[in-house]
Amino acid sequence: SGLARSHRCTEVSNKLIGTEVTVMGWVQKRRNLGSLIFVDLRDRSGILQLVFDQEVLSEEDYNKANSLRSEYVVAAVGTVEKRSAAINENLKTGDIEIKVHTLRILSESETPPFPIDENQTVKDELRLKYRYLDLRRPNLQRNLRIRNDVTRMVRNFLGDEGFLEIETPILGKSTPEGARDYLVPSRVHPGSFYALPQSPQVLKQLLMCSGYDRYFQIAKCFRDEDLRADRQPEFTQIDMELSFVDVDDVLDVNERLLQKMFALIDVDVPLPIPRMTWQEAMDRFGSDKPDTRFGMELNDVTEVVKNCGFGVFTGAIENGGSVRGINAKGQGAMPRKKIDKLVDFAKDFGAKGLAYLCINEDGSYKSSFAKFMTEEELKNLVEAMAGEPGDLLLFAADKNKVVWDVLGNLRLELAKQMDLLDKNEFKFLWVTEFPLLEFNEELGRFQAMHHPFTMPMEEDIPYLESDPGRVRAQAYDIVLNGTEIGGGSIRIHQNDIQEKMF
């Protein structure tokens, strides 16, 4: 009692040399050097060194210091001094220490089941069982601190841009969206249920209709769907809606927001962020969320092989499909076993198989389909793929959707195997002009690709009746290193177009 903390660990600096401070926190480690005991004290700000000198302290206090173990919680009062031993450049407080004259043990600890530092690999089950210990680790504390910095910055930035932060209800009526709802039984109306929001969809439309022309919230969303690496049953998104704007206005405010956000982790986002249409993304990368940190782009070789003798290629083309390939540079010596694994991988994405052609160092070919094609046809194909000795060419032949899916995923798989993904590189991309509708084979009809409230591009409105497949939407996604991190669209505000969509 009577002790009050004066500073967090890293708030103590060399400006305080000679003054008395009171610090409190967890024991990271203790070192006994005979007449001196050194203790690394840790709190959420970082680490500070405490020194206990046998010549200055009473025997009782020195023994108390000697009894300290990892994760004990202590309070220490002492004088800030310049470090007597070596300076630690890696620590914020690496040039000072506290010469302690009063020590109080606030809580003792058993030996923790894993060390409290960020470089330990610990089984998830153990981490979650001892979540309170896991959350002491510097990397997790840093994650929560970054998240805090981001939400503060977002509120300030969007406030300055004229957005109002408005909270919308969590208990509401079920509206059809992308996943199953979580339901909450109503006590007042037995047999009736509230649904937790998958996003504040209807409520933000309501706000726009009511004249709140720029709204945002840091919204909790609930979706009862299978777990993915980047999605939990409940997650948080920055949700916004703007009135009287076009696509450029929306992209502009969001890319400036992203630039400010990533500056918080010292990542520079050059503006404007590049844009690519959906069609170009599919043709070049086989994906509507392309990872542009590396090349290995898709090549459409349909025209080159349409008259060749290989039935797999010509059959796919006759069925309205295409033949496309990727060039894995320098992988021509890949063993057959590894190629077979890639074929199995391709089958997971709907391919019936995968055709390959290895270009040997002497310029000869080793291929699964060479016997069906003439020398001339093979040469033209290799040229079209910019193939050089030592390269491995992989081809898929099927309906466009399957070919894109297969090669888009194969491209990523090869990039992992070839170590082409730089974790320190941040490549942003806007993907725009998504198709408004996609054909559902099972239902035998077109359906909205995003949702039925997306505005078609003005010049495509005439095709809504005559050729719905070619209508592009005013929809856009923001992609980072091959992951979609956000998306939206301009809404339909005209009754006749909305009725046509329905």
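Above this text sits the structure in question.
Numbers given for residues are sequential positions, taken from 1 along each chain in its written order. Residues qualify for local features only when their pLDDT is at least 70, as the model is predicted, and side-chain atom pairs are given and counted only at 80 or more; totals for whole chains, interfaces and linings, by contrast, use all residues. With hydrogens and water stripped out, all remaining heavy atoms of the structure feed into the side-chain values.

1. Re helix α7 (residues 278-285)
Three or four residues apart is the spacing at which side chains of an α-helix point the same way, because the helix has 3.6 residues per turn. In this scheme, a residue with accessible area under 20% of its type's maximum is buried, one over 50% is exposed, and one in between is partly exposed, where area comes from a 1.4 Å probe on protein chains only. Every helix listed is a DSSP run of H or I at least four residues long, and every strand listed is a run of E at least two residues long, numbered separately from the N terminus. For α7, the complete set of buried residues consists of W278, A281, M282 and F285. Projected down its long axis, α7 shows its buried positions confined to an angular sector of 105 degrees, all on one face. Contacts are residue-level and defined by heavy atoms, with any inter-residue pair within 4.5 Å sufficient. The inward-facing, buried residues of α7 contact β11 (275-277), α12 (400-417) and β17 (428-432). Backbone geometry just downstream of α7 places G286 in the positive-phi region, at approximately 70 degrees. By arc we mean the arc of the directions from the helix axis to the C-beta atoms, nothing more.

2. So, the packing of aromatic side chains
Pairing of aromatic side chains here covers Phe, Tyr and the six-membered ring of Trp, requires ring centres within 6.5 Å, and sorts the geometry by plane angle: under 30 degrees stacked, over 60 edge-to-face, intermediate tilted. By the definition in use, this model includes 14 aromatic pairs. Here the aromatic rings of F262 and F426 are separated by 5.9 Å at their centres, their planes lie at 65 degrees, and the arrangement is edge-to-face. Taken together, the residues span a long stretch of sequence, with F262 in helix α6 (residues 247-263) and F426 in the loop between α12 and β17 at a distance of 164 residues. Both rings, one in F310 and one in F369, keep their centres 5.4 Å apart while their planes meet at 15 degrees; by these two values the pair is stacked. Note that F310 is positioned in the loop between α8 (302-305) and α9 (311-318) and F369 in the loop between β15 (365-367) and α11 (375-384), a separation of 59 residues in sequence. Side by side, F310 and F369 carry an identical accessibility label, which is buried. In this structure an aromatic cluster arises from ring pairing among F310, F313, F369, F372 and F395. A ring is considered to have a charge above it if a Lys NZ or an Arg CZ atom is located within 6 Å of its centre and within 35 degrees of its normal. Stacked on the ring of F294, the Lys or Arg R411 has its end atom at 3.9 Å from the ring centre. Across the ring face of Y463, the terminal group of R470 is positioned such that the distance to the ring centre comes to 3.8 Å.

3. Here we look at the packing of helix α4 (residues 138-160) against α6
For any two helices packed against each other, one specifies the crossing angle of their axes together with the interaxial distance. A fitted line through C-alpha atoms represents every axis, and for helices the fit uses only the stretch in contact; the resulting angles, taken between N-to-C directions, go from 0 to 180 degrees. Where α4 meets α6, the axes come as close as 10 Å, and the angle between the chain directions of the two elements is 145 degrees. Between α4 and α6 lies a crossing of right-handed hand. Counting all contacts with α4, which are made through V150, M153, V154 and F157, the residues of α6 involved are V253, R256, L257, K260 and M261. Each residue is assigned to one class: nonpolar for Ala, Val, Leu, Ile, Met, Phe, Trp, Tyr, Cys and Pro, charged for Asp, Glu, Lys and Arg, and polar for all the others, Gly among them. For the contact of α4 with α6, a count of residues per class yields seven nonpolar, no polar and two charged. By convention, the crossing between two helices is left-handed when the near helix turns anticlockwise from the far helix through less than a right angle, and right-handed when the turn is clockwise.

4. Regarding the nonpolar core
Across soluble globular proteins, nonpolar side chains show a tendency to be buried alongside one another. To form a nonpolar core, buried Ala, Val, Leu, Ile, Met, Phe, Trp, Tyr and Cys residues must be joined to one another through side-chain atoms within 4.5 Å. One finds L394 and L414 to be the most contacted residues of the largest nonpolar core, which totals 71 residues. When residues of this core are assigned to their parent elements, the largest contribution, eight residues, is made by α6. Here L414 is in contact with M296, I326, A328, M334, L342 and L394, once residues within four sequence places are set aside. Counting residues in hydrophobic clusters, the runner-up holds 23 residues, among them C9, V12, A65 and L103.

5. Some thoughts on the environment of D213
Within the secondary structure, D213 is located in the loop between α5 (201-209) and β9 (214-222). Take D213: its relative accessible area is 38%, and that puts it in the partly exposed class. Sequence separation between D213 and V245 is 32 residues, and the spatial gap between their C-alpha atoms is 9.7 Å. Every residue in contact with D213, bar those within four places of it in the chain, is listed here: M208, E241, L242 and S243.

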